[in-house]
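A closer look at the structure
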Amino acid sequence: LNLANNEIYSEGVEYLIGTLNENQTLEDINLEGNHCDSHVLGEIDFLLNKRGGSLSEASDESAKLEATIRSLTANDPNLVELRLDGIDLVHSPDAEQVIEALSNNTFVTTLSFDNTDMDDTLVAALSLALEDNHTVTHLSLRDNQITNEGCEYLLGTLDSNTTIAYLDLSGNFIDEDLMNKIDAVVSQRQSQVGSLSLLLQRVKSNDPTLTELVLDNRPDVIDSYEFEAILEAVAHNSIVAKLSLCNTGFDDSLAAALSLALVDNTSITHILLSDNEITNDGCEYILGTLDSNTSVACIDLDGNLIDGHLMDEIDAINSSRTAKSKREERNVDLSKPPMHEVPEESGTELAKREAIMAIMRDTSIPWTEKNKQIIEIQQKYFVPKGGNEEPAQPQAANGIAEDNIAKIIDRVMENDRKLVKIELDGQDLNRQDEAALFDALAQNSCVASLSLVNCRIANDGAGELCDALRENSTLTHINLEDNQITSNAAQDLISVLKADNDTVQYLELSDNQVRSGLLSQMNKILEKRRPGYVEPMVAATASYSYAQTAPVAASPTVSHDVESRSSNRNSGSRSSKSGKSKSRRRGDRHKSKTNR
């Protein structure tokens, strides 16, 4: 079986190993040029050798090292343990490349180079690589040619690298006092890792005494496997009410991980993340979670790299939820136990939740990609508010049959003067119809009102609408309620309204997956364009005079519904990211980030 030079990773080799247990005819497999971990190649080689065959890549040490270099360089998420025991690294031309590739790898946690004849020169190279590596926690260098000089290199590395908690140098030529120094450093770190392991078990087991999870001023713990596992375990914990991770170096990737965990958590009410490395991106993740998680009443992000307008959103959420919590406390009947009516989940909701959890558990997917995939799942399983689980079937909408949609598009393209209002509410428009309609509207000069409520329009359609609005100068009323548009597309629409279109007066996006802050921002832009609008600073008498004299424009009938709806309603989650400013604040003060 020849599978050379493909995109096979260690997971694929695991499938082959399972096949070999059932298939007894295969004698030789060539996996050269793939991204496979050496230990799985060794396992498949062992199985083939028992039946007289061989694994072409595993039969040669040089080929093993070449495969290892590729996996390390590609940052293969399946390669978490690298074991090259018994390979002569001193005389191998590939040894230095293996060590160099380790410096930028972010998945390998265990290194084992036992009985490889490693000497002080290679240890010096390894020490330099480990100064940049922050994921390796276990390092075994037993039975090699390392002397006191090599041990000194490693001690120097331990001063700057705080993630290595296990280092085995037994069987080398090192003085006892240096070995004691190594043991003293790693023993202290093992006790810290042990405490994290215990904390992880308490979170997983729903320890009823663990109501506060406080790891303030512990930058040494956030790079550990246990810490990431703790964040994942928080998703299913129902006891912890306070989470405090101040001054830990908490960054955007961890903010994304915490946001995903908070999707399912309903017990945490207070989150303290002050004085960390969170930027606008991380704040966007957290704000997106707060759209769906209503149990968090207070979140502290002071002292991070977040713009003022996003901090204002956080402050507004904190204020509204704190006030609500106080009202609930005053109204609670302490004589009766709390009762919560949990609605039964539909089949679509269950499928959506299972799909999201599958992505959350997949450690091979980067957090930014997880967030993107979760948004796609939410769109895939979208059910309109109060609607049926099944996708909307083509039907008559406001007297317009499905087979007439093409005729409407034709009328738009022909600039039919009698067609000033389009209502296709409830129509399950296909992508071809969406694209054709929006493309036709770009050059149309008659249609003033467009209503596409509950038409399953997603971000692609919203993007085509953006293109149309850059050219169109007659549309004044647009209603896109109950669709699948996210914050990302809403931000694009706002940009178009600011820079390219000054005629739209109403654009409804409520009951989409757009956060309330963007809906409010859009409404502030559009309200200034509506007839009768008066700037807040104008005196009341002037306002009255203007209202009496200003001509009132004729509006399509749909405008009454559009105007009466609140633009602050929204549902779903957030995917947009905005702003890269590095300003920070605590309260009303701004400060610069200092290097730690």
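Residues numbered from 1 in each chain as written. Predicted model: local features only at pLDDT ≥ 70, side-chain atom pairs only at ≥ 80, totals over all residues. Heavy atoms only, no water.

With that out of the way, let us pick up the overall build of the protein chain. Within the protein chain one finds 20 helices and 16 strands. Out of the 596 residues belonging to the protein chain, those deemed buried represent 46%. Once local pairs closer than 6 in sequence are excluded, the contacts in the protein chain between residues at least 24 apart make up 81%. When the accessible surface of the protein chain is split by element, carbon and sulfur atoms take 48% of a total near 29400 Å². (Helix = DSSP H or I, 4+ residues; strand = E, 2+ residues; numbered from the N terminus. Buried < 20%, exposed > 50% of the residue type's maximum accessible area, 1.4 Å probe, protein only. Contact = heavy atoms within 4.5 Å. Areas by Shrake-Rupley, 256 points an atom, 1.4 Å probe, with all protein chains shown as cover.)

Okay, the packing of aromatic side chains next. In total, this model carries one aromatic pair according to the counting rule given. Ring geometry for F227 and F250: centres 6.5 Å apart, planes at 85 degrees, overall edge-to-face. Of the two residues, F227 is situated in helix 8 (residues 225-234) and F250 in the loop between strand 8 (242-244) and helix 9 (252-262); the sequence distance between them amounts to 23 residues. Exposure remark for F227: the relative accessible area of 1% places this residue in the buried category. Look at F250 and you get buried, because its relative accessible area is 0%. (Phe/Tyr/Trp six-rings, centres within 6.5 Å; stacked < 30°, edge-to-face > 60°.)

The next thing to look at is the sheet that holds strand 9 (residues 270-272). Picture the strands of a sheet paired through backbone hydrogen bonds; they go either parallel or antiparallel. Judged by pairing direction, the sheet is parallel, and its four strands sit side by side in the order 7-8-9-10 without closing on themselves. Two strands lie at the open edges of the sheet, namely strand 7 (212-214) and strand 10 (298-300), each paired on one side alone. Within this sheet the neighbouring strands show an average axis-to-axis angle of 0 degrees, counted without direction. In this structure, strand 8 lies alongside strand 9, joined through three bridges in parallel fashion. Across the sheet, K242 pairs through a bridge with H270, a residue of strand 9. (Pairing = 2+ DSSP bridges. Axes fitted to C-alpha atoms, helices over the stretch in contact; angles between N-to-C directions.)

You can see P93 is positioned in the loop between strand 3 (81-83) and helix 4 (95-102). The sequence separation of P93 and L65 amounts to 28 residues, and the corresponding C-alpha distance is 9.5 Å.

Right, let's talk about the packing of helix 4 against helix 5 (residues 120-132) for a bit. Axis separation between helix 4 and helix 5 bottoms out at 8 Å; the angle between their running directions is 20 degrees. Regarding the angle of helix 4 to helix 5, the classification is roughly parallel. Of the two possible hands of crossing, helix 4 and helix 5 adopt the one that is right-handed. Residues A95, E96, I99 and L102 of helix 4 form the contact with helix 5, whose participating residues are L122, A125, L126 and A129. (Parallel < 35°, antiparallel > 145°, perpendicular 65-115°, else oblique. Left-handed = near helix turned anticlockwise from the far one by under 90°.)

For the rest of this paragraph, the subject is the pattern of salt bridges. The final tally for this structure, using the stated rule, is nine salt bridges. Here K421 makes a salt bridge to E423, at a shortest N to O gap of 2.9 Å. Residue classification places K421 among the partly exposed positions, given a relative accessible area of 26%. What you see here is one network of salt bridges that share partners, running through D114, R142 and D168. (Salt bridge = Lys/Arg side-chain N within 4 Å of Asp/Glu carboxyl O.)

Before going further, it helps to spend a moment on the sheet that holds strand 3. Strand order in this open sheet of four strands is 3-4-5-6, and the pairing throughout is parallel. Of all strands in the sheet, those with a lone pairing partner are strand 3 and strand 6 (166-168), marking the two edges. Between one strand axis and the next, the sheet turns by 0 degrees as a mean value, whatever way the strands run. Strand direction decides the pairing type here: strand 3 and strand 4 (residues 110-112), joined by three bridges, are parallel. Its bridge partner being in strand 4, R83 is matched across the sheet by S112.

Atom-level detail of predicted coordinates should not be read off regions where pLDDT is low. Model confidence for the protein chain is summarised by a mean pLDDT of 76, while 74% of its residues fall at 70 or above. When the criterion is pLDDT under 50, residues 389-402 qualifies, and its contacts beyond four places in sequence or with other chains add up to 25 contacts. (pLDDT = per-residue confidence, 0-100.)

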